[in-house]
Amino acid sequence: MSLTADDLAAAGLHFDVSDGVVATVTLSRPDKRNAQTPAMWHALGAIGEQIPESVRVVVVRGAGHSFSAGLDRAMLDPATGDVARLLHESDEAISAAIDGYQRGFTWLRDPAFVSVAAVQGYAIGAGFQLALSCDLRVLADDAQLCMKEPALGLVPDLTGTKPLVEAVGYQRALEICATTRMVPATEAVEIGLALAAVPADRLEATVADLVQALTGPMAGAVRDTKRLLQSAAEQDLETQRRLEREAQILRFRELAALLQPETSQE
């Protein structure tokens, strides 16, 4: 599904690509603290499908003073809410709907690029899960993270459980979800949820510096390294050694092609 800028704006998103290599996805409902809707999730999925192959870094941010306050509560209205309507659907229909929502989050793990969440203010529920979908998270020092779903009688279902456990371990992940408490920026850094917490007026510059560093190495080297790291925890040592060898062969082949002198044309 290909969306125009107007389509994205209607879903509460803005998307742009600078210099062909850095894409920025902005949640653009600042009056609602960037609360999310199913339309936004589907639009995010469409961005993932049409992102240019040249993009090396994707930055996800929120307009205004909050990253995202989570699900728009209007979606839970029994009469008109898109999410509330699922309560009366079949198991198959509910599963299919959630699968469509999740696709707005899963594309951020693609090894083709590195994804970075720039988080200021609230990242609650769906907002927290969107930040967790990114490879790296940089927080403003006013950031507050919260997995709110259990307080609503729900579970986190937008692909946030796996990266949360990977970042902080099962015990801490369970405590964060089951208590639905706020995790402040300083603690998030301490427990491995974020790379850094910086003053809000330094967030943009800090992310820009990180993006510059990420685009320094060869694109293929970063891509293949990300793929190796993504699989490392699930592989035994022998399998991971094999995957490293196979990846390095590909790197050698690309480097050899780049170093090959051009044949003169007569």
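Look up: the structure comes first, before these words.
Note that the structure is predicted; figures quoted are calculated from it, not measured.

Visitor: Where do I start with helix α8 (residues 203-214) in this structure?
Guide: Residues spaced three or four apart along an α-helix face the same direction, because each turn holds 3.6 residues. Between its first and last C-alpha atoms α8 spans 16 Å; for twelve residues at 1.5 Å apiece the expected length is 16 Å, and the two agree. Residues of α8 that are buried sit in contact with β2 (22-27), β3 (57-62), β4 (114-119), β6 (136-140), β9 (196-198) and α9 (219-232).

Visitor: What is the right way to look at the pattern of salt bridges in this model?
Guide: One pass over the full model with this rule turns up 15 salt bridges. A salt bridge links D135 to K226; the nearest nitrogen and oxygen atoms lie 2.6 Å apart. Linking D135 in the loop between α4 (126-133) and β6 with K226 in helix α9, this pair joins segments that are 91 residues apart in sequence. The buried category is assigned to K226, whose relative accessible area is 8%. Salt bridges here are not isolated pairs; linked through shared partners, they connect R223, D224, R227, R251 and E254.

Visitor: Explain the packing of aromatic side chains to me, please; I cannot follow it from the model alone.
Guide: Think of a pair of aromatic rings as described by two things: how far the centres are apart, and how the planes are tilted against each other in angle. According to the stated counting rule, one finds three aromatic pairs in the structure shown. Consider the rings of W107 and F113, whose centres lie 5.9 Å apart with planes at 65 degrees: the pair is edge-to-face. Accessibility assignment for this pair places W107 and F113 in one class, buried. Among the aromatic residues, those joined into a cluster by ring pairs are W41, Y101 and F105.

Visitor: Where do I start with the nonpolar core in this structure?
Guide: A general trend in soluble globular proteins is that nonpolar side chains are found buried together. Ranked by internal contacts, the top residues of the largest apolar core, which has 50 residues, are V58 and L193. Tallying contributions element by element places helix α2 (residues 38-50) first for this core, with six residues. Other than its neighbours up to four places away in sequence, L193 contacts F128, L132, R137, L145, L164, A167, V168, I176, V183 and A188. Grouped together as the second largest cluster of nonpolar side chains are 15 residues, V57, V59, V207 and L210 included.

Visitor: For this particular structure, what's the right way to read a nonpolar patch on the surface?
Guide: There is a patch of nonpolar side chains on the surface, built from M218, F252, L255, L258 and L259 and spanning about 520 Å² of accessible area. Mapping L255 onto the fold places it in helix α10 (residues 237-259).

Visitor: So what exactly am I meant to see when it comes to the packing of α9 against α10 here?
Guide: Think of two packed helices as two axes; the pair is described by the angle between the axes and how far apart they sit. Orientation of α9 relative to α10, taken along the N-to-C sense of each, is 175 degrees, at an axis distance of 11 Å. Here α10 runs roughly antiparallel to α9, going by the angle between their axes. For the pair formed by α9 and α10, the contact residues are G220, A221, R223, D224, L228, S231 and A232 on the first element and Q240, L243, E244, A247, R251 and E254 on the second. Class assignment for the residues of the contact of α9 with α10 results in five nonpolar, three polar and five charged.

Thresholds, definitions, all that
- Residues numbered from 1 in each chain as written.
- Predicted model: local features only at pLDDT ≥ 70, side-chain atom pairs only at ≥ 80, totals over all residues.
- Heavy atoms only, no water.
- Helix = DSSP H or I, 4+ residues; strand = E, 2+ residues; numbered from the N terminus.
- Expected span 1.5 Å × (residues − 1).
- Contact = heavy atoms within 4.5 Å.
- Salt bridge = Lys/Arg side-chain N within 4 Å of Asp/Glu carboxyl O.
- Buried < 20%, exposed > 50% of the residue type's maximum accessible area, 1.4 Å probe, protein only.
- Phe/Tyr/Trp six-rings, centres within 6.5 Å; stacked < 30°, edge-to-face > 60°.
- Core = buried A, V, L, I, M, F, W, Y, C linked by side-chain atoms within 4.5 Å.
- Patch = residues over 30% accessible without salt bridge, like charges linked within 9 Å, V, L, I, M, F, W, Y side chains within 5 Å.
- Areas by Shrake-Rupley, 256 points an atom, 1.4 Å probe, with all protein chains shown as cover.
- Axes fitted to C-alpha atoms, helices over the stretch in contact; angles between N-to-C directions.
- Parallel < 35°, antiparallel > 145°, perpendicular 65-115°, else oblique.
- Nonpolar A, V, L, I, M, F, W, Y, C, P; charged D, E, K, R; others polar.

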